Amino acid sequence: MPERTESDSRKLLRRLRDTLATPAKGQERLDRITRLIAHSMGTQVCSIYLFRDSETLELCATEGLKAASVHQTRLKLGEGLVGRVARFGQPVNTGSAPAERGFRYMPETGEEIYSSFLGVPIQRVGEKLGVLVVQSREARQFSDDEVYGLEVVAMVLAEMAELGAFLGEGEAMARVHTRPVLFRGATGQEGSAEGRVWLHEPRVVVTNPVGDDPEKESARLAVAVAELREAVDRMLANALSTDADHLEVLETYRMFANSRGWMRRMEEDIARGLSAEAAVEKEQSSARARLEQASDPYLRDRLYDLDDLSNRLLRLLTGQGADTGAEMPENPVLVARNIGPAELLDYGRRLRGVVLEEGSVGSHAAIVARALAIPLVIHAQRITSEALNGDAILVDGDQGLVHLRPEETVAHAFRDKIAMQAEAQSSYASLRELPAVGTCGTHIALFMNAGLMADLPSLVGSGADGVGLFRTELQFLIRNQVPRRGELAAIYSRVMDAAGHRPVVFRTLDIGSDKVLPSMKPQDEPNPAMGWRAIRVGLDKPGILRMQVQALIRAAKGRPLTVMFPFIANRGEFLTARKILTDEVLREAAQGRTVPSQVEVGAMLETPSLAFAPQEFFDEVDFISIGGNDLKQFFFAADRENERVRRRYDTLDTSFLALLEQIIDRCARSDTPLSFCGEDAGRPIEAVTFAALGLRTLSMRPASIGPVKHLIRRVNLLDLKDVIDEARASGAESARAAVTGWLARQ
Ligand code: PEP
Ligand code: MG
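Every value quoted in this text rests on a predicted model; they were computed, and no experiment measured them.

### Examining helix α25 (residues 702–712)
Turning to step 1, where the next piece is worked out: Summarising burial for α25: nine of the eleven residues are buried, a large majority.
Turning to step 2, where the next piece is worked out: Along its buried surface, α25 packs onto α13 (408–429), β15 (445–450), α14 (457–462), α24 (684–693), β22 (697–700) and α27 (736–745).

Here is the structure:
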């Protein structure tokens, strides 16, 4: 085989580009390309395999293999050497293909006479498009130089595919970004939405993968990299926070921006004939392929940093800023790798849905999405590579599914589901002014959970009796710095104004565990959920707690004030926390300020230990609210953030119901008001079960009030209590079957 030089490589790329410029059908182009590559590489075979769907590769063009096998030979992802290249996004280079692990013989191609095999992925920033293969009779490994040369060619093919170069009438191949794709993620917030994709960070489109003049391309790259370095230096200089982790991220950016290895590889790509932007993308693609294989979280984070930096560089080179001039569609569904809570709030209620590649149930973005009642699907892997601005998209937050560019039949069924949900919502609206009273005459107070100003309009709309849980940490989580006392007082005051005569229960800061303030250094704890969080932080470092209760006292402006402390595990913690609050009230009074007309102080019961606290605690506390999310995770020792176990134990498990009953009894003995404010309170079946056991106040997300009230009004809670007791007496592990069976018969 002839030695290949850089100028051979450039010549080949230019020819490839010419095929793009010449009008032709997709198939003709592919045929011409395989001929060109085989000729230029001096191999007998060159084949292009493209994805038909996300799992199947199809031989779409070949020079050297039997023509009859084109569009007939298919391989599954991971199958044979071609499938292996596609799965791992890495080249396979062997002098003896049949002896290679995983080789699969396909007689229809006539490939048995070719010994050597080199396959490279055709991929574009994480998006797998196909595999480019050269084969020859001679049993020899391809040189590093040849592998590299073929990778460069594959990069150009990827860009051509992106531009639709291989599309043709009726040709079912390489239909990039046109076919329907289903993403299986996880529920971040329930609800369904239909809309059009709005990418938080739009994809950069490279229209010129081939560079004519390497010197010019190299100079363009140098200018863009210099700009990038300056930008990173500026970011470091202006970094608002002195938080070590944030600075570390920026330092890593700087390190990458100055990395010689990265620059050298891009320079080499340019020397081979790629344009500056195609060179950036090529290195970004291989970083993404490595990212997929990396299990070390630190390494993954660094590869993400490199990815971000590559995107910035691409924007500088193409002039396509975050603002591409595209207009946000009327019914936008935000698609992003991840998004911060403040950015999500900026989009606000305009969004129909949100789909993230990362995120977690307790992430700040999920909390905001919940507050805005926007359906959210998390863990939708690779969706940012697949989706284009304006693509049709269906978000099924209940199942954690996303249909991108759905078939009409799927869209149709989905619309029916949305219409049914809307119908149910409007029927709930008619209940708004009616009380939640069971047919037995028992009244249940329904409160809402809140935490953002965006929640307040729901107070009236949902018909809530008040705010049963105001999660104050959200105001901290959406800012980069700890808010000032005056700012907080103004916010809390507006909340009380909006509530009017309805009570608001302010929960003091619940941080730690999954809720890490941007302004605080995350603690490296072996098990953060059971670590230094919530009231534990407040008691050990009372500065912020004091400031917060001062803000609450001032916000009340002489009105009654209700405060509860999160995560109280024993009586002592409650007494100490309450003393901080009462001391502040006394201090404010001593300074001549108006103090609340009445102060009620409660505890959240989120650890089983508190259910067994001495009776004095139940006598002393003004009220108790069960934080069922945490209580359940600790009762069953099943992490609420861990998808593998979080649904493993039923809330209606009779052991858990026994715990609830014990709490209800103890509160009843001391006449202590009791409520339940975890997510389960918003699930109608759970809600009526709690009510039947004796809970008289439930606090839930606003959208749940209608469905919960609807069910309570249909049910005789005394009869339901008998049903639950019977289930328990029969030894059932969970009361669910009995409860749902009985409800169905009502
Ligand atoms: C709970 O644990 O049930 C609760 C309401 O608190 P959070 O979900 O904010 O931890
Ligand atoms: Mg909690």
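And the narrative resumes.
### Some remarks on the coordination of the magnesium ion (ligand 2)
Turning to step 1, where the next piece is worked out: Coordination sphere of the magnesium ion (ligand 2), protein contribution only: Glu606 (OE) and Asp630 (OD), at 2.0 to 2.1 Å. One end of the pair, Glu606, is in the loop between β19 (599–605) and α20 (608–611); the other, Asp630, is in helix α22 (residues 628–636), and 24 residues separate them in sequence. Across this residue pair, the class does not change: Glu606 and Asp630 are buried.

### Examining the site of ligand 1
Turning to step 1, where the next piece is worked out: Around ligand 1 sit 14 residues in total, of which Arg471, Arg507, Glu606, Asn629 and Arg640 are the nearest.
Turning to step 2, where the next piece is worked out: Asn629 is positioned with one of its backbone polar atoms (N or O) 2.7 Å from an oxygen atom of ligand 1.
Turning to step 3, where the next piece is worked out: With the chains in place, 98% of the 290 Å² that ligand 1 exposes on its own is no longer accessible.
Turning to step 4, where the next piece is worked out: Taken together, the elements giving at least two residues each to the shell around ligand 1 come down to β16 (467–471) and α22.
Turning to step 5, where the next piece is worked out: By residue number, the principal contributor to the shell around ligand 1 is α22, which donates three residues.
Turning to step 6, where the next piece is worked out: Taken together, the residues of the shell around ligand 1 sort by class into three nonpolar, four polar and seven charged.

### Some thoughts on the environment of Arg554
Turning to step 1, where the next piece is worked out: Within the element layout of this structure, Arg554 appears in helix α18 (residues 542–556).
Turning to step 2, where the next piece is worked out: You can call Arg554 partly exposed: its relative accessible area is 25%.
Turning to step 3, where the next piece is worked out: Taking C-alpha positions, Arg554 is 8.8 Å from Gly486, a pair spaced 68 residues apart along the chain.
Turning to step 4, where the next piece is worked out: Discounting residues that sit within four places of it in the chain, Arg554 has contacts with Arg485, Ala489, Glu588 and Arg593.

### Description of the sheet that holds strand β9 (residues 192–199)
Turning to step 1, where the next piece is worked out: Ordered in space as β7-β14-β13-β9-β10-β11-β12-β8, the eight strands form an open sheet in which the pairing is mixed. Two strands lie at the open edges of the sheet, namely β7 (181–184) and β8 (186–189), each paired on one side alone. The sheet shows a mean angle of 30 degrees between the axes of neighbouring strands, direction not considered.
Turning to step 2, where the next piece is worked out: Of the pairings in the sheet, the one linking β7 to strand β14 (residues 401–404) comprises four bridges and is antiparallel in character. Directly across from Val181, in β14, lies its bridge partner Leu404.
Turning to step 3, where the next piece is worked out: Here α13 sits on the sheet in contact with β9, β13 (392–396) and β14, set at roughly 120 degrees to β9.

### Let's talk about the nonpolar core
Turning to step 1, where the next piece is worked out: Counting residues in each nonpolar core, the largest one holds 89 residues, and the members touching the most others are Tyr492, Phe565 and Leu698.
Turning to step 2, where the next piece is worked out: The element that contributes the greatest number of residues to this core is α18, accounting for eight residues.
Turning to step 3, where the next piece is worked out: Dropping the residues within four chain positions of it, Tyr492 is found in contact with Phe470, Thr472, Phe476, Phe506, Gln548, Ala551, Leu552 and Ala555.
Turning to step 4, where the next piece is worked out: By size, the runner-up hydrophobic cluster in this structure holds 38 residues, among which are Leu30, Ile37, Ala154 and Met155.

### Looking at the sheet that holds strand β1 (residues 45–53)
Turning to step 1, where the next piece is worked out: Across the sheet, which stays open at both edges, the six strands sit in the order β3-β2-β1-β6-β5-β4 with antiparallel pairing between neighbours. Of all the strands in the sheet, just β3 (74–76) and β4 (92–94) have a single pairing partner and so form its edges. Averaged over all neighbouring strand pairs, the angle between strand axes comes to 25 degrees, with direction disregarded.
Turning to step 2, where the next piece is worked out: Helix-sheet contacts for helix α2 (residues 26–41) involve β1, β2 (56–63) and β6 (127–136), and the interaxial angle to β2 is about 65 degrees.

### A look at the pairing of strand β5 (residues 116–124)
Remark: a regular strand shows side chains that alternate across the two faces of the sheet.
Turning to step 1, where the next piece is worked out: Counting buried residues in β5 gives nine out of nine residues, a clear majority hidden from the surface.
Turning to step 2, where the next piece is worked out: Sheet topology places β4 next to β5; three bridges connect them, and they run antiparallel. Each bridged residue has a counterpart across the sheet, and for Thr94 the counterpart in β5 is Phe117.
Turning to step 3, where the next piece is worked out: Two elements, β5 and β6, share nine bridges in a ladder whose sense is antiparallel. Residue pairing across strands places Phe117 opposite Gln135, the latter belonging to β6.

### Things to note about the packing of α24 against α25
Turning to step 1, where the next piece is worked out: Two elements in contact, α24 and α25, have axes separated by 9 Å at closest approach and are oriented at 50 degrees. When the axis of α24 is compared with that of α25, the two are oblique. Pair α24 / α25 crosses with right-handed handedness. Only Pro707, Val708, Leu711 and Ile712 of α25 make contact with α24, whose side of the interface consists of Pro684, Ile685, Ala687 and Val688.
Turning to step 2, where the next piece is worked out: For the contact of α24 with α25, the per-class residue count stands at eight nonpolar, no polar and no charged.

### Regarding the domain arrangement of the protein
Note on interface size: it is often stated as the accessible area lost on association of the parts.
Turning to step 1, where the next piece is worked out: If you check the domain split of the protein, you get domain 1 (6–173), domain 2 (181–202 + 326–421), domain 3 (214–318) and domain 4 (430–744).
Turning to step 2, where the next piece is worked out: With centres defined by C-alpha atoms, the gap from domain 3 to domain 4 works out at 46 Å.

### Describing the packing of aromatic side chains
Turning to step 1, where the next piece is worked out: Evaluated as defined, the whole model comprises ten aromatic pairs.
Turning to step 2, where the next piece is worked out: Aromatic pair Phe635 and Phe656: ring centres 5.6 Å apart, planes at 55 degrees, arrangement tilted. Taken together, the residues Phe635 in helix α22 and Phe656 in helix α23 (residues 654–669) connect sequence positions 21 residues apart.
Turning to step 3, where the next piece is worked out: One cation-aromatic arrangement involves Arg140 over Phe142; the distance from NZ or CZ to the ring centre is 5.0 Å.
Turning to step 4, where the next piece is worked out: A cation over an aromatic ring shows up here: Arg533 above the ring of Phe567, its NZ or CZ 4.0 Å from the ring centre.

### Quick word on the environment of Tyr148
Turning to step 1, where the next piece is worked out: You can see Tyr148 is positioned in helix α4 (residues 144–162).
Turning to step 2, where the next piece is worked out: For Tyr148, the residues in contact, after removing those within four places along its chain, are Arg265, Glu268, Asp269, Arg272 and Lys282.

Cut-off values and rules
Residues numbered from 1 in each chain as written. Chains lettered and ligands numbered in written order. Predicted model: local features only at pLDDT ≥ 70, side-chain atom pairs only at ≥ 80, totals over all residues. Heavy atoms only, no water. Buried < 20%, exposed > 50% of the residue type's maximum accessible area, 1.4 Å probe, protein only. Helix = DSSP H or I, 4+ residues; strand = E, 2+ residues; numbered from the N terminus. Contact = heavy atoms within 4.5 Å. Donors = N, O, S within 2.8 Å, 3.2 Å for Na, K, Ca; no water. Near = heavy atom within 4 Å. Polar contact = N/O pair within 3.5 Å; in protein donor to acceptor, adjacent residues only side chain to side chain. Areas by Shrake-Rupley, 256 points an atom, 1.4 Å probe, with all protein chains shown as cover. Nonpolar A, V, L, I, M, F, W, Y, C, P; charged D, E, K, R; others polar. Pairing = 2+ DSSP bridges. Axes fitted to C-alpha atoms, helices over the stretch in contact; angles between N-to-C directions. Core = buried A, V, L, I, M, F, W, Y, C linked by side-chain atoms within 4.5 Å. Parallel < 35°, antiparallel > 145°, perpendicular 65-115°, else oblique. Left-handed = near helix turned anticlockwise from the far one by under 90°. Domains from an automatic or database assignment. Phe/Tyr/Trp six-rings, centres within 6.5 Å; stacked < 30°, edge-to-face > 60°. Lys NZ or Arg CZ within 6 Å of the ring centre and 35° of its normal.

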